[in-house]
Amino acid sequence: MPTDDDATRLRDLIDELAVMRGRVTLSSGKEADYYVDLRRVTLHHEAAPLVGRIMLRMLDDAGISFAAAGGLTMGADPVGTALLHAAASQGRGIDSFVVRKAAKSYGMGRQVEGPDIAGRPVVVLEDTSTTGGSALTAVDAVRAAGGEVQAVAIIVDRDTGAKERIEAEAEVPCLYAYSKTDFGLD
């Protein structure tokens with residue numbers, strides 16, 4: 001189980017490795033005075049295990065029961081992998097899945113890859129979100145594949161309305177481990 005020290009250490013690593021201050025254009029097309037590149041954390045040897053433990057604890061603390069977790073490639077991929085490893089270290093069988101931006105035009109033609117999620121309770125993951133668009137795309141794909149979305153879980157909430165939009169449109173709770181204020185961002 002993660003400790004408060006784990007949460008503090010992950011916050012420090014996010015601030016050190018992932019928060020870039022300066023004018024940037026986000027994937028949503030909006031401009032911001034900072035960028036949070038969480039792949040620098042979710043793919044980091046020390047931070048990735050912390051991500052898995054913190055996200056799993058957050059979902060457990062919220063009472064969210066689920067059998068698989070994943071989201072839109074590529075931001076959610078390492079988050080799902082970290083979470084499945086954290087669960088496995090506790091003897092829990094939680095799978096991960098990857099949502100493609102579009103279904104493959106060959107092979108099985110799947111948009112959701114990994115163990116089958118049809119009829120299973122799942123959580124959609126995201127590293128960070130500005131508009132909620134990526135998470136909502138993943139929710140739609142997961143539901144089309146038969147997954148029963150229980151919640152959306154985000155590592156860092158930019159506090160730009162994504163949480164509210166996700167909750168309104170997907171009609172599931174949207175949880176986050178950290179907000180932009182945890183990093184002194186406006």
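Residues numbered from 1 in each chain as written. Predicted model: local features only at pLDDT ≥ 70, side-chain atom pairs only at ≥ 80, totals over all residues. Heavy atoms only, no water.

Caption draft 1: Representation of the packing of aromatic side chains in the model. Within this structure, the stated rule accounts for 1 aromatic pair. Ring centres of Y178 and F183 lie 6.0 Å apart, and the angle between their planes is 50 degrees; on these two criteria the pair is classed as tilted. (Phe/Tyr/Trp six-rings, centres within 6.5 Å; stacked < 30°, edge-to-face > 60°.)

Caption draft 2: Up close: helix 3 (residues 47–61). Compared with an ideal rise of 1.5 Å per residue, which puts 15 residues at 21 Å, helix 3 spans 21 Å between its outermost C-alpha atoms and is within 8% of the ideal. For helix 3, the buried fraction is high: 11 of the 15 residues fall into the buried class. Within the span of helix 3, buried status applies to A47, A48, L50, V51, G52, I54, M55, L56, R57, M58 and L59. The positive-phi residue at the C-terminal boundary of helix 3 is G63, with phi of around 75 degrees. (Helix = DSSP H or I, 4+ residues; strand = E, 2+ residues; numbered from the N terminus. Expected span 1.5 Å × (residues − 1). Buried < 20%, exposed > 50% of the residue type's maximum accessible area, 1.4 Å probe, protein only.)

Caption draft 3: The arrangement of the sheet that holds strand 6 (residues 121–129) in detail. Spatial strand order, 5-4-3-6-7-8: 6 strands in an open sheet with mixed pairing. The open sheet terminates on both sides in strands that have one partner only, identified here as strand 5 (112–113) and strand 8 (174–179). Taken together, the 8 bridges between strand 6 and strand 7 (residues 148–157) define a ladder with parallel strand orientation. Bridge pairing links V123 to A151 in strand 7. Sheet strands in contact with helix 1 (residues 4–18) are strand 7 and strand 8, and its direction is about 75 degrees off that of strand 8. Against the sheet, helix 5 (residues 133–144) makes contact with strand 3 (68–72), strand 4 (95–99), strand 5, strand 6 and strand 7, and its axis sits at roughly 160 degrees relative to strand 6, the strand it touches most. (Pairing = 2+ DSSP bridges. Contact = heavy atoms within 4.5 Å. Axes fitted to C-alpha atoms, helices over the stretch in contact; angles between N-to-C directions.)

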